[in-house]
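Residues per chain, in single letters:
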Amino acid sequence: MALKWTTISRSSGTGAEKTAEKLEVPYLTNASTKANTAFNAEVSRAVASWRGEVAPMPGANCDEAGMCPLAMDRIDGGIYKQSYASALTSIYVWTGGAHGLTDSFGLTVDLTTGDSVGLDTFVTAPDSVVNAAVGRALLNKLPATETQGQTPNIDIRQDGVAWSVSDKGVSFAFAEGLVASNAQGLVSVTVPWSEVNG
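Notes on the structure follow. Everything quoted here is computed from the prediction, not taken from an experiment.

1. Comments concerning the overall build of the chain
Step number 1: Scanning the chain for helices and strands turns up four helices and eight strands.
Step number 2: When the helices and strands of the chain are placed in sequence order, the string is β-β-α-β-β-β-α-α-β-β-β-α.
Step number 3: Out of the 198 residues in the chain, the part that is buried amounts to 47%.
Step number 4: Here the contacts in the chain between residues at least 6 apart in sequence split such that 55% fall between residues at least 24 apart.
Step number 5: Put simply, the chain shows about 9700 Å² of open surface, and 48% of that area lies on carbon and sulfur atoms.

Here it is, written out as structure tokens:
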């Protein structure tokens, strides 16, 4: 079994009005039919949803064919312990305004059942312990101008936080503006297993 990353590209319009879309999407192969179908269908649903978000709107940077910018890029992911397919991606959608929106998407599927699984399947430490560990990782990653030397106070259960698992630990991605200024874009960190399992 393998979790592969496939680039989907499309474009529309011509000349200065040409819009290009590039999506780096996870694709599960060689697992059970149920797991393959469940994982890949969920990714397809997510992509369709994001494409709906970039529907033309007044003032949006869309081309004459009505296509607006959408991008998706790999952050982390793979097969974990031969039992789970886990992927974490960044998403950029143009929803109007000056800069559009950067967000994240995470998906973890049990390779035996094909069911999506939650963070509690992997993390046994209390949320307060995990939040503190993630806050320390963010403090080490973000510029001092963003943190003022203080550990960010975050909540891994809030909207705008996506995650994936790997041999390294749990990777968390935070939507633009959630833990730092919008200028930092999407921020992601990986927390070792020793800090999320107690």
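Let us keep going from here.
2. Section: the sheet that holds strand 8 (residues 187–192)
Step number 1: On the basis of which strands lie adjacent, the open sheet formed by three strands has the order 6-7-8 and antiparallel pairing. The outermost strands of the open sheet, each flanked by one partner alone, are strand 6 (161–166) and strand 8. Averaged over all pairs of adjacent strands, the angle between strand axes in this sheet comes to 20 degrees, irrespective of strand direction.
Step number 2: In this sheet, strand 8 lies alongside strand 7 (residues 169–174) in antiparallel orientation, the contact comprising six bridges. Its bridge partner lying in strand 8, phenylalanine 174 is registered against valine 187.

3. With respect to the side chain of aspartate 76
Step number 1: Within the fold, aspartate 76 resides in strand 3 (residues 70–80).
Step number 2: Given a relative accessible area of 9%, aspartate 76 falls into the buried group.
Step number 3: A polar contact of 2.8 Å, which involves the side chain of aspartate 76, links it to the side chain of serine 171.
Step number 4: The contact partners of aspartate 76, leaving out residues within four places of it in the chain, are Trp5, Ser86, Ala87, Leu88, Ser164, Ser166, Lys168, Ser171 and Thr190.

4. Comments concerning the environment of tyrosine 80
Step number 1: Along the chain, tyrosine 80 turns up in strand 3.
Step number 2: Its relative accessible area of 8% is what places tyrosine 80 among the buried residues.
Step number 3: Considered as a pair, tyrosine 80 and aspartate 167 are 87 residues apart in the sequence and their alpha carbons are 6.6 Å apart.
Step number 4: With sequence-adjacent residues up to four places away left out, tyrosine 80 is seen in contact with Phe122, Val165, Ser166, Asp167 and Trp193.

5. Remarks on helix 1 (residues 33–53)
Step number 1: In this model, helix 1 (21 residues) spans 30 Å end to end at C-alpha, consistent with the 30 Å of a helix rising 1.5 Å per residue.
Step number 2: Buried within helix 1 are the following residues: Ala35, Asn36, Phe39, Asn40, Val43, Ala46, Val47 and Trp50. With its buried residues spanning 115 degrees around the axis, helix 1 presents them on a single face. Facing away from the buried side of helix 1 by over 90 degrees, the exposed positions are Thr33 and Lys34.

6. Description of the pattern of salt bridges
Step number 1: Under the counting rule described, the total for this entry stands at five salt bridges.
Step number 2: In this structure, arginine 157 and aspartate 127 form a salt bridge, with 3.0 Å as the shortest nitrogen-oxygen distance. You can see arginine 157 sitting in the loop between helix 3 (144–147) and strand 6 and its partner aspartate 127 sitting in helix 2 (residues 127–141), a full 30 residues away along the chain.
Step number 3: Residue glutamate 195 is joined to arginine 136 by a salt bridge in which the shortest nitrogen-to-oxygen separation is 3.1 Å.

7. Some points on unusual backbone geometry
Step number 1: In this model, asparagine 30 sits at a positive phi of 60 degrees, which is unusual for a non-glycine residue.
Step number 2: You can see asparagine 30 is positioned in the loop between strand 2 (19–29) and helix 1.
Step number 3: The phi dihedral of lysine 81 is positive, around 55 degrees, even though this residue is not glycine.
Step number 4: In this structure, lysine 81 sits in the loop between strand 3 and strand 4 (84–93).

8. Quick word on the nonpolar core
Step number 1: Residues Phe122, Val130, Val134, Leu138, Val170, Phe172 and Phe174 are the most contacted members of the largest nonpolar core, which totals 28 residues.
Step number 2: Put simply, the parts of the chain that give this core at least two residues each are helix 2, strand 6, strand 7, strand 8 and helix 4 (193–196).
Step number 3: Ranked by residues supplied to this core, first place goes to helix 2 with five residues.
Step number 4: Once residues lying within four places of it in the same chain are set aside, the contact partners of phenylalanine 122 are Tyr80, Tyr84, Thr108, Val117, Trp163, Val165, Trp193 and Asn197.

Each value, and the rule that gives it
- Residues numbered from 1 in each chain as written.
- Predicted model: local features only at pLDDT ≥ 70, side-chain atom pairs only at ≥ 80, totals over all residues.
- Heavy atoms only, no water.
- Helix = DSSP H or I, 4+ residues; strand = E, 2+ residues; numbered from the N terminus.
- Buried < 20%, exposed > 50% of the residue type's maximum accessible area, 1.4 Å probe, protein only.
- Contact = heavy atoms within 4.5 Å.
- Areas by Shrake-Rupley, 256 points an atom, 1.4 Å probe, with all protein chains shown as cover.
- Pairing = 2+ DSSP bridges.
- Axes fitted to C-alpha atoms, helices over the stretch in contact; angles between N-to-C directions.
- Polar contact = N/O pair within 3.5 Å; in protein donor to acceptor, adjacent residues only side chain to side chain.
- Expected span 1.5 Å × (residues − 1).
- Arc of directions from axis to C-beta.
- Salt bridge = Lys/Arg side-chain N within 4 Å of Asp/Glu carboxyl O.
- Core = buried A, V, L, I, M, F, W, Y, C linked by side-chain atoms within 4.5 Å.

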